[in-house]
Amino acid sequence: MVVLRKLPGMPGWPAALGLRLPQKFLFLLFLSGLLTLCFGALFLLPDSSRFKRLFLPRRATASASSSSSSSASSSSASSSSTRDTDLPRSPPAAAEPRHASPAAPRRLREKLRTAARMAGPPAHTAPGSRQQVQGGERRAQPDTGAPPPDAAAAARETRAPFRFDYERFRRSLRHPVRGSRTGEDPETRARRLKIKEMMKFAWDNYKQYALGKNELRPLTKNGHIGNMFGGLRGATVVDALDTLYIMELEEEFQEAKKWVEKSFDLNVNGEASLFEVNIRYVGGLLAAYYLTGEEVFKSKALELGEKLLPAFNTPTGIPRGVINLGSGMSWSWGWASAGSSILAEFGTLHLEFLHLSELSGNPVFAEKVMNIRKVLNRVEKPQGLYPNFLSPVTGNWVQHHVSIGGLGDSFYEYLIKSWLMSDKKDSEAKKLYDDALEAIEKHLVKKSAGGLTYIAEWRGGVLDHKMGHLACFSGGMIALGAEHAGEERRQHYMDLAAEITNTCHESYARSDTKLGPEAFRFDAGTEAMATRLSERYYILRPEVVESYMYMWRLTHDPKYRQWGWEVVKALEKHCRVEAGFSGIRDVYTTNPTHDNMQQSFFLAETLKYLYLLFCEDDVLSLDDWVFNTEAHPLPVNHTNFKASVQ
């Protein structure tokens, strides 16, 4: 109880305010309630280390906020539970991932454009662009403060004596990286060279007006940084490295490499999307290393990978979506329901993290992502489906919203690609993929009155008959998986992949610009068209041409090349401006306005997939490479490339 003392010779301080007795009573009642609330928040709530730091010594606070991470390099390290000790914090709106739309800051795939300890699973079980922002939802909870000393030690172990035998790796590839270029017809070559010219145009303008910034604003001829990458710069540089190399733009590749060597600073202190940093920066650097053998790319990738490890310091080992690359603090997106982690974010780390372990000799990265799989194996799936929101604290699903587009997409993609990348040895990943696809087909795949096959979204058992542009990657994914299905299912899945890809093509063909909207619907007599103004934009997304590329490689049906060429012509007509390429705000008008943004994934994905569509199959052969969800090629693990310590 709060006691207010009256000083001798002075009236009580409420009286000094000239308050009457009833007013004094109400004022004191309000004051005591406020004090009770403050002290309750300070000492009773579980996530209150930030307030505690206002009153408690720094050392005490630090010890209160780091209970989970034991050294991954210690053989006795058992996974201890991590207390969530920071107060809810929402990242800036502009920093939201590609799962979000540009209007509501992306994989809504910016989209709106992924290890556990050496020992067993954490004490608390079950968890936490491509995704879509849900407005008005509860702000998310930051995780612990700076990583504990033992976690830092585990990260340093990535530099243990070890050498990856790059020359042996290159000899193991079954095809030349850039292919043999034999026997192609003149028209195909001319179209490929046109796409190469588009890449050079996009790069040259970025270099002239925005080098070192994350993306180019082509209308205003300046750079855009944003706050999605935690202070990291040069997203377009890193995203473009492998595309420049594959297209044999040698001078431009050297310009990009020089920037990475001289100007790419990892000592930043800002709030980054774990997902976006992983797929763009880590994925881009890993791909550049595997393609060229340049050590600078490997060392940068490993150093950046270390900075992402504290995001996994949660009770379940499911990482939170946002991490401060300087302090190591992590928290969930402010728009993510109840502080949850997003399926397409924590499920899109596996490929890159396995390669970080492969190159460093440290298993910590692989263990982190393998723990995610253990958590998902334990949690119950409604109707066999994977909802998009999972609590990193309790390991329970937070909402029963299922989407193969934003918020869910690349989780499924990484299941089949994990199996392929393991040289078809990771049977667990294959089973997870097969089971998930079976549930998707049973509950989500629908056919419209006009005969178009699409994948609806599922909200607690109620279908939303729309399909996002982000979900159009699924045609290519299903075809890739069908290639390795049992004989009785192979043709069935190839037919399903072709039908979905055709539906996505229709979303392009039915627009005035011949470019597809962000989302299209199948209701009220409308098919494969956007019905809402907020879904009519196109931001240079790659998912449709990604499926064209896979369908061409696996069927050699010439219509996929023809459809791809239609996209090239539409990009040239509607998106090419004086100083680069820009997204457009309405695909249903022949004179669209531009959004003044040349997305980095346009160089990483859209142009790369179009280029490969007009290449022979041995260029980045699917026998040797899998593409991460940013189209960065990572090699299939044909053998072990550890070399003796030098």
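Each remark here, short or long, concerns the structure printed above.
Residues numbered from 1 in each chain as written. Predicted model: local features only at pLDDT ≥ 70, side-chain atom pairs only at ≥ 80, totals over all residues. Heavy atoms only, no water.

### Digging into the overall build of the chain
Secondary structure summary: the chain contains 21 helices and 22 strands in total. Counting across all 646 residues of the chain, residues that qualify as buried make up 59%. Accessible surface, the chain: about 24,300 Å² in total, of which carbon and sulfur atoms supply 54%. (Helix = DSSP H or I, 4+ residues; strand = E, 2+ residues; numbered from the N terminus. Buried < 20%, exposed > 50% of the residue type's maximum accessible area, 1.4 Å probe, protein only. Areas by Shrake-Rupley, 256 points an atom, 1.4 Å probe, with all protein chains shown as cover.)

### Description of the environment of Thr-243
When you line up the elements, Thr-243 lands in helix 8 (residues 235–246). In sequence terms Thr-243 and Met-199 are 44 residues apart; their C-alpha atoms lie 8.3 Å from each other. Leave out the neighbours within four places in its chain, and Thr-243 touches Met-199, Leu-603, Ala-604 and Lys-608. At 3.4 Å, the side chain of Thr-243 forms a polar contact with the side chain of Asp-242. (Contact = heavy atoms within 4.5 Å. Polar contact = N/O pair within 3.5 Å; in protein donor to acceptor, adjacent residues only side chain to side chain.)

### Describing the pairing of strand 17 (residues 526–529)
Here 3 bridges tie strand 16 (residues 519–523) to strand 17, and the two strands are oriented antiparallel to one another. Bridge pairing in strand 17 places Arg-521 opposite Met-529. Once strand 16 ends, the chain turns through 2 residues before running back antiparallel as strand 17, passing Ala-524 with a positive phi of about 50°. (Pairing = 2+ DSSP bridges.)

### With respect to the environment of Gly-183
As for its position among the elements, Gly-183 is in the loop between helix 6 (166–172) and helix 7 (186–210). Here Gly-183 falls in the exposed class, since its relative accessible area comes to 82%. On a C-alpha basis, the gap between Gly-183 and Glu-616 in space is 9.0 Å, while along the polypeptide they are 433 residues apart.

### Considerations on the pattern of salt bridges
One pass over the full model with this rule turns up 35 salt bridges. Put simply, Glu-261 and Lys-257 hold a salt bridge, and the shortest N to O gap is 4.0 Å. Remark: Lys-257 and Glu-261 occur in helix 9 (residues 250–263); sequence separation between them is 4 residues, near one turn of the helix. You can call Lys-257 buried: its relative accessible area is 11%. (Salt bridge = Lys/Arg side-chain N within 4 Å of Asp/Glu carboxyl O.)

### Describing the packing of aromatic side chains
For the coordinates displayed, the defined rule picks out 30 aromatic pairs. Geometrically, the ring pair formed by Phe-353 and Phe-365 is edge-to-face, given 5.8 Å between the ring centres and 80° between the ring planes. With Phe-353 in helix 13 (residues 350–360) and Phe-365 in helix 14 (residues 364–378), the pair connects residues that are 12 residues apart, well separated along the chain. The exposure class assigned to Phe-353 is buried, which follows from its relative accessible area of 0%. Considering the side-chain rings of Tyr-508 and Tyr-538, the 6.3 Å spacing of their centres and the 75° angle between planes classify their relative orientation as edge-to-face. Of this pair, Tyr-508 sits in helix 18 (residues 487–509) while Tyr-538 sits in the loop between strand 17 and helix 19 (543–555); the two residues are 30 residues apart in sequence, bridging distant segments of the chain. Take Tyr-508 and Tyr-538: they sit in the same class, and that class is buried. Positioned above the aromatic ring of Tyr-245, the side-chain terminus of Arg-178 is 3.9 Å from the ring centre. One Lys or Arg, Arg-576, reaches over the ring of Phe-201 and ends 3.8 Å from the middle of that ring. (Phe/Tyr/Trp six-rings, centres within 6.5 Å; stacked < 30°, edge-to-face > 60°. Lys NZ or Arg CZ within 6 Å of the ring centre and 35° of its normal.)

### Examining helix 15 (residues 409–421)
If you check helix 15, its first and last C-alpha atoms are 18 Å apart, about what 13 residues at 1.5 Å a residue would give, namely 18 Å. In terms of burial, helix 15 is largely enclosed, as 13 of its 13 residues are buried. Phi for Asp-423, located one or two positions after helix 15, is positive at around 60°. (Expected span 1.5 Å × (residues − 1).)

### As for the sheet that holds strand 8 (residues 389–390)
Note: strands within a sheet are paired through backbone hydrogen bonds, in either parallel or antiparallel orientation. Read across the open sheet, the 3 strands follow the order 7-8-9; overall the sheet is antiparallel. Looking at which strands have only one partner, the edges of the open sheet turn out to be strand 7 (341–342) and strand 9 (397–399). Strand direction decides the pairing type here: strand 8 and strand 9, joined by 2 bridges, are antiparallel. Paired with Leu-390 across the strands is Trp-397, a residue of strand 9.

### Some points on the packing of helix 13 against helix 14
Two elements in contact, helix 13 and helix 14, have axes whose closest approach is 7 Å; the angle formed by their N-to-C orientations is 150°. Taken together, the axes of helix 13 and helix 14 lie roughly antiparallel to each other. Like other packed secondary-structure pairs, helix 13 and helix 14 cross with a definite hand, here left-handed. Note on element contacts: helix 14 touches helix 13 through Val-364, Phe-365, Ala-366, Val-369, Met-370 and Arg-373, opposite His-350, Phe-353, Leu-354, Leu-356, Ser-357 and Ser-360. Here the residues of the contact of helix 13 with helix 14 are counted per class, giving 8 nonpolar, 3 polar and 1 charged. (Axes fitted to C-alpha atoms, helices over the stretch in contact; angles between N-to-C directions. Parallel < 35°, antiparallel > 145°, perpendicular 65-115°, else oblique. Left-handed = near helix turned anticlockwise from the far one by under 90°. Nonpolar A, V, L, I, M, F, W, Y, C, P; charged D, E, K, R; others polar.)

### Quick notes on the side chain of Arg-178
Mapping Arg-178 onto the fold places it in the loop between helix 6 and helix 7. Classification of Arg-178 as buried rests on a relative accessible area of 18%. A polar side-chain atom of Arg-178 sits 3.0 Å from a polar atom in the side chain of Glu-250. Apart from the residues within four sequence positions on either side, Arg-178 is in contact with Tyr-245, Ile-246, Glu-248, Glu-250 and Val-619.

### Structural notes on the packing of helix 9 against helix 11 (residues 295–308)
For the pair helix 9 and helix 11, the least separation of the axes is 10 Å and the interaxial angle reads 45°. Looking at the two axes, helix 9 sits oblique to helix 11. In the crossing of helix 9 with helix 11, the sense of the turn from one axis to the other is left-handed. Contacts from Phe-253, Lys-257, Val-260 and Glu-261 of helix 9 reach helix 11 at Val-296, Phe-297 and Lys-300. Here the residues of the contact of helix 9 with helix 11 are counted per class, giving 4 nonpolar, no polar and 3 charged.

### What about the sheet that holds strand 6 (residues 330–331)?
Within the open sheet, the 3 strands sit side by side as 4-5-6. Their pairing is antiparallel. Single-partner strands in this sheet number two, and they are strand 4 (271–273) and strand 6. Bridge analysis of strand 5 (residues 322–324) against strand 6 gives 2 bridges, and the strand direction is antiparallel. Each bridged residue has a counterpart across the sheet, and for Val-322 the counterpart in strand 6 is Trp-331.

### Topic: unusual backbone geometry
In this structure, Leu-407 is a non-glycine residue whose phi angle is positive, near 85°. Looking at the secondary structure, you find Leu-407 in the loop between strand 10 (401–402) and helix 15. What makes Leu-407 buried here is its relative accessible area of 0%. For Ala-631, which is not a glycine, the phi torsion comes out positive at approximately 65°. On the secondary structure map, Ala-631 appears in the loop between strand 20 (625–627) and strand 21 (633–635).

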